[in-house]
Amino acid sequence: MRLAELSERSGVSTATIKYYLRERLLPPGRRITATQSEYDAEHLRRLRLVRALIQVGRIPVSTAREVLAAVEDDARDQLSRLGTAIEALPHGPEPDESDPSTAVGRRTATQLLRRLDWRFNLEIADGFPAFRMLVAAIAALHRLGYACDITHLLPYAHRAAQLAVVDLDLVEEFGTPAEQVEAAVALTVLYEPVLLSLRRLAEAEESNRRFGTGR
């Protein structure tokens, strides 16, 4: 397809597509004349991923480029490619090491991983943005006086483990390693708002059952 058709099918303006091409977020098309190139379904799929990263995930262009580089790196094993891609996504605030509650958060998070027997996460711990985000979250709960001990955290962790199986089952439906990495990134970005909205809807339903009409 030509650039105009790629724009029409993707819903992305030609000016934006040209910008993505210049920023190396989208691979160049096949040159057919000195001024025109041809694009295929692979470009359309990549363009949708780029838009998911930048528009839905609110990821900077430079970060999106890192993610896409990991997707394309055949020298890495699949675990490394997935990890690099997911780690490049936004993860929230870093722990405040000057806050005494951070030590509590780190200790609690580590104990939680041990209770779950999540050995891989224990090995990478502070090197993994998601672990540091958990530490910061537990520290905030502790600082404000809300329950954040292992007993209260375990139900969330067990449900997260179940969701991880669902996530990876869906990722494995894609045929090639590169497609799986792209799917993992896109689904992480796109499904997190789904999870947040479903949680709030479920809480509204349960609140009505407990405190409202119960209908």
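Residues numbered from 1 in each chain as written. Predicted model: local features only at pLDDT ≥ 70, side-chain atom pairs only at ≥ 80, totals over all residues. Heavy atoms only, no water.

Caption draft 1: Geometry of the pattern of salt bridges. Taken as a whole and judged by the stated rule, the model has 16 salt bridges. Ionic pairing is found between Glu5 and Arg9, a salt bridge with its closest N-O pair at 3.9 Å. Here the residue Glu5 and the residue Arg9 both occupy positions in helix H1 (residues 3-10), the gap between them amounting to four residues, near one helical turn. Looking at Arg9, the relative accessible area reads 47%, which means it is partly exposed. Through salt bridges with shared partners, a single ionic network connects Glu42, Arg45, Arg46 and Glu182. (Salt bridge = Lys/Arg side-chain N within 4 Å of Asp/Glu carboxyl O. Helix = DSSP H or I, 4+ residues; strand = E, 2+ residues; numbered from the N terminus. Buried < 20%, exposed > 50% of the residue type's maximum accessible area, 1.4 Å probe, protein only.)

Caption draft 2: Structural detail: the nonpolar core. Ranked by internal contacts, the top residues of the largest apolar core, which has 31 residues, are Leu6, Ile17, Tyr20, Leu25, Leu47, Leu53 and Val185. Of the residues forming this core, the biggest block, six residues, is contributed by helix H4 (residues 61-72). In this structure, Leu53 is in contact with Arg58, Ile59, Ala64, Val67, Leu68, Leu89, Val185 and Val189, ignoring residues within four places of it in sequence. Counting residues in each nonpolar core, the second largest holds 14 residues, with Val135, Ile138, Cys148 and Ala157 among its members. (Core = buried A, V, L, I, M, F, W, Y, C linked by side-chain atoms within 4.5 Å. Contact = heavy atoms within 4.5 Å.)

Caption draft 3: The arrangement of unusual backbone geometry in detail. The backbone phi angle of Arg24 is positive, close to 65°, even though this residue is not glycine. Looking at where Arg24 falls in the secondary structure, it is placed in the loop between helix H2 (14-22) and strand S1 (30-31). Under the relative-accessibility criterion, Arg24 is labelled exposed at 60%. Positive phi is not limited to glycine here, since Ala125 has a value of about 30°. Position of Ala125 among the secondary structure elements: in the loop between helix H7 (119-124) and helix H8 (129-143).

Caption draft 4: Just the packing of helix H6 (residues 100-116) against helix H9 (residues 150-171), in detail. The geometry of H6 relative to H9 is characterised by a closest axis approach of 10 Å and an angle of 55° between their N-to-C directions. With respect to H9, the axis of H6 lies oblique. With respect to the hand of their crossing, H6 and H9 are arranged in right-handed fashion. Packed against H6, whose contacting residues are Thr108, Gln111, Leu112, Arg115 and Leu116, the element H9 presents Ile150, Leu153, Leu154, Ala157 and His158 at the interface. Looking at side-chain class alone, the contact of H6 with H9 contains six nonpolar, three polar and one charged residues. (Axes fitted to C-alpha atoms, helices over the stretch in contact; angles between N-to-C directions. Parallel < 35°, antiparallel > 145°, perpendicular 65-115°, else oblique. Left-handed = near helix turned anticlockwise from the far one by under 90°. Nonpolar A, V, L, I, M, F, W, Y, C, P; charged D, E, K, R; others polar.)

Caption draft 5: Highlighting the packing of aromatic side chains. Applying the stated criterion across every chain, the model contains one aromatic pair. Note on Tyr19 and Tyr20: the rings are 6.0 Å apart at their centroids and 45° apart in plane angle, and the pair reads as tilted. (Phe/Tyr/Trp six-rings, centres within 6.5 Å; stacked < 30°, edge-to-face > 60°.)

Caption draft 6: Fine view of helix H10 (residues 177-211). In this model H10 runs 49 Å from its N-terminal to its C-terminal C-alpha over 35 residues, within 8% of the 51 Å that 1.5 Å per residue would give. Along H10, the largest kink reaches about 30° and is centred on Tyr191; proline Pro193 follows within four residues of it. Within H10, the full set of buried residues consists of Gln180, Val181, Glu182, Ala183, Ala184, Val185, Ala186 and Val189. Each element contacted by the buried residues of H10 is listed here: helix H3 (41-56), H4, helix H5 (78-87) and H9. The opening residue of H10 is Thr176, an N-cap whose side-chain oxygen sits 3.1 Å from the backbone nitrogen of Glu179. (Expected span 1.5 Å × (residues − 1). Bend = angle between axes of the 7 residues up to and from the residue. Polar contact = N/O pair within 3.5 Å; in protein donor to acceptor, adjacent residues only side chain to side chain.)

Caption draft 7: A look at H5. Buried within H5 are the following residues: Arg81, Leu82 and Ala85. An end-on view of H5 places all buried positions within 95° of arc, on one side of the element. Contact partners of the buried residues in H5: H4 and H10. In this structure Asp77 caps H5, since a side-chain oxygen of it lies 3.3 Å from the backbone nitrogen of Leu79. (Arc of directions from axis to C-beta.)

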